[in-house]
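# Geometric and topological summary
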Amino acid sequence: MKELNCLGMRCPLPIIAVGREIKSLVGGETIHLLADDPATELDLRAWARMTGNQMEVSGPNEFLVTKSKVD
Amino acid sequence: MAHITANFLAESPLSSRARDALGDAIDQGWADPRKLAHSSAKARILHEGAIASLAQSLRLRTDEIEILGEPALGHFYSIAGLLRPQDALVHSLVDRKEVFALAKGRENVHELSVDPSGLIKTEELQALAGSEGVLALQVANGETGVIQDVEELVAHSSKLRIAADFSTAGTRVPLPSRWDSAFFDSRSWQGPQGIGILAISNGSQWRNPLPHLASTRSPQSASLPLLIATAVALEEWNENEEFEKERLRGLTHELRRRVSTSIENCDVAGDLDRSLPHITSFSFLYVEGEELLRRLEVAGFAVDSGSACTAEDLQPSHVLAAMGVLTHGNIRITLHRDSTPSQVFELVEAIRIAVTALRVP
């Protein structure tokens, strides 16, 4: 699992970082994201809906982002 | 600068007719209409004429109308006048911040969720069927233009008094079949800034929520010239509304279509079929809203944003958050009665260029 530390970053930087990082993954692989900007969860949900990838909240300021198996 | 802006309520210029009326009223309506002098009698006639005109345009009775010289207090007057200490206050998560402020500290508050298209979930209102209190009903949202299913919400609120907020909808949505108070802002029909209209339904249990001695329902301190300009602006607005709303709906449809098809990963808040014809909210993935605003400003378009990076409190728009719409890279666009197709096409191109330049991954 890839780690992505975006603590201290303001939105949209965490989402931009996820967007960059997800390109290097294959379908089904997951990123463990740390981010504490209050808009991250909202925008990560919208991002998942728009891009077809998956996200879940795994703890306080922690998210699991999984690349879709369908491109 | 092209006449496409962000904020419907604050940035509409007065029509020439309303401006002329304002100038004439400053010459003739300077006296206090409540006093006995000749000049006051003249002012009183002007005042009564303006109220009669507003009543006719808004389909109200003259004795249902109160004029507020501070529209920002309108939400408070409208809701707090109906609210008793033990009452439930019911409002939606996309409501105005003034309503959240009023609810702060109260015990019996119910916040209604909205679906992804911005419509209040009626089942949550149905679950409150036994509650007595006030429903703060925002008829149309100022950020997204989404119009609520007002009649259905009213039907599910049999024990709730209705405080309807028409400050964005103006006369574009009719009054519901049942209401207790309603608030209008002159700016929603391109009237002057500084006039709010509070309608109190005859028979409603509304009481003046501010300290008062005489039996007045409002401070009676609104500017008469502004009131007259408000009435003139509304008459003019209604004369052209049938044509203008269809024209604006066509333009907004084209704006949404062109942006959505020319820029990928664009989130549009709400469906145009369920929205006011002139308001649109776009969010662009991987784009910083503040920089997008700056670039559009340079291109001649003064739009606004609900993104956290543009907010004073660095919080994203609570409206977008409640709808589940992307909160970053957000712009709000308002078309006006003098907005043209070529301005809209230029705006689409300016957005496309700016988003392409700013999009990072």
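Residues numbered from 1 in each chain as written. Chains lettered and ligands numbered in written order. Predicted model: local features only at pLDDT ≥ 70, side-chain atom pairs only at ≥ 80, totals over all residues.

## Some thoughts on the overall build of chain B
Assigned secondary structure in chain B consists of 10 helices and 11 strands. Considered along the principal axes of its C-alpha atoms, chain B spans approximately 70 × 50 × 35 Å. Burial statistics for chain B: of 361 residues in total, 48% are counted as buried. Across chain B, the fraction of contacts at a sequence separation of at least 24, relative to all contacts at a separation of at least 6, is 69%. (Helix = DSSP H or I, 4+ residues; strand = E, 2+ residues; numbered from the N terminus. Buried ≥ 20, exposed ≤ 12 C-beta atoms within 10 Å, placed from the backbone. Contact = placed C-beta atoms within 7 Å.)

## A short note on the confidence of the model for chain B
In this model, chain B carries a mean pLDDT of 91, and residues with pLDDT of at least 70 account for 92%. Across the whole predicted complex the pTM is 0.92, and at the interface the ipTM reaches 0.94. (pLDDT = per-residue confidence, 0-100.)

## Some words on the interface of chain B and chain A
If you look at the interface, chain B gives 18 residues, while chain A gives 15 residues. Taken together, the residues of the side of chain B that touches chain A sort by class into 10 nonpolar, six polar and two charged. (Nonpolar A, V, L, I, M, F, W, Y, C, P; charged D, E, K, R; others polar.)

## Things to note about the packing of helix H7 (residues 224–262) of chain B against helix H10 (residues 341–358) of chain B
When two helices pack together, their arrangement is given by the angle between their axes and by how far apart the axes lie. All names here are of chain B. Relative to each other, H7 and H10 sit at 25 degrees, their axes nearing to 10 Å. By the criterion of interaxial angle, the relationship of H7 to H10 is roughly parallel. Crossing of H7 over H10 shows right-handed handedness. Facing Leu251, Glu254, Leu255, Arg258, Val259 and Ser262 of H7, the residues of H10 in contact are Pro341, Val344, Val348, Ile351 and Arg352. (Axes fitted to C-alpha atoms, helices over the stretch in contact; angles between N-to-C directions. Parallel < 35°, antiparallel > 145°, perpendicular 65-115°, else oblique. Left-handed = near helix turned anticlockwise from the far one by under 90°.)

## Concerning the nonpolar core
Residues and elements named next belong to chain B. Residues Val134, Ala136, Leu137, Ala163, Leu227, Ile228 and Ala229 are the most contacted members of the largest nonpolar core, which totals 117 residues. No other element matches the 14 residues that H7 contributes to this core. No fewer than three residues from each of domain 1 (4–10 + 240–358) and domain 2 (16–237) sit in this core. When residues no more than four places from it in sequence are discounted, the contact partners of Leu137 are Gln148, Val150, Leu153, Ile162, Ala163, Ala164 and Asp165. (Core = buried A, V, L, I, M, F, W, Y, C linked by C-beta atoms within 7 Å. Domains from an automatic or database assignment.)

## Quick look at the pairing of strand S5 (residues 133–138) of chain B
All names here are of chain B. For S5, the tally of buried residues reaches six of six residues, placing the bulk of the element in the interior. Pairing analysis gives three bridges linking strand S3 (residues 88–92) to S5, with the strands arranged parallel. Across the sheet, the residue bridging to Val90 is Leu135, located in S5. Taken together, the six bridges between S5 and strand S6 (residues 160–165) define a ladder with parallel strand orientation. (Pairing = 2+ DSSP bridges.)

## Brief notes about the sheet that holds strand S2 (residues 65–68) of chain B
All names here are of chain B. Taken in spatial order, the seven strands of this open sheet run S2-S8-S7-S6-S5-S3-S4, and their pairing is mixed. Here the strands that pair on one side only, and so sit at the sheet edges, are S2 and strand S4 (109–112). Across the sheet, the axes of successive neighbouring strands diverge by a mean angle of 20 degrees, strand direction being ignored.

## Some words on the domain arrangement of chain B
Residues and elements named next belong to chain B. With domains assigned, chain B is organised as domain 1 (4–10 + 240–358) and domain 2 (16–237). Taking the mean C-alpha position of each, domain 1 and domain 2 sit 27 Å from one another. Looking at the side of domain 1 that touches domain 2, the elements that each hand over two or more residues are H7, strand S10 (279–284) and helix H9 (318–323). Broken down by element, the side of domain 1 that touches domain 2 gets its largest block of residues, four residues, from H9. Among the residues forming the side of domain 1 that touches domain 2, the class breakdown is nine nonpolar, nine polar and five charged.

## Re the pairing of S2 of chain B
Residues and elements named next belong to chain B. Judged by which residues are buried, S2 turns out to be covered on both faces: Ile65 and Ile67 on one side and Glu66 and Leu68 on the other are all buried. As judged from the four bridges shared by S2 and strand S8 (residues 196–200), these two strands associate in the antiparallel manner. If you follow Ile65 over to S8, its bridge partner there is Ala199.

## Quick look at H7 of chain B
The first and last C-alpha atoms of H7 of chain B sit only 49 Å apart over 39 residues, clearly below the 57 Å expected at 1.5 Å per residue. Of all the bends in H7 of chain B, the largest measures some 65 degrees and sits at Glu241 of chain B. (Expected span 1.5 Å × (residues − 1). Bend = angle between axes of the 7 residues up to and from the residue.)

## Side note on helix H8 (residues 289–298) of chain B
What sets the pattern is the α-helix's 3.6 residues per turn: residues three or four places apart point alike. Residues and elements named next belong to chain B. Among the residues making up H8, those that are buried are Gly289, Leu292, Leu293 and Leu296. One side of H8 carries all its buried residues, which in axial view fall inside an arc of 100 degrees. Contact partners of the buried residues in H8: strand S11 (330–335) and H10. One or two steps after H8, the chain reaches Gly300, where phi turns positive at roughly 100 degrees. (Arc of directions from axis to C-beta.)

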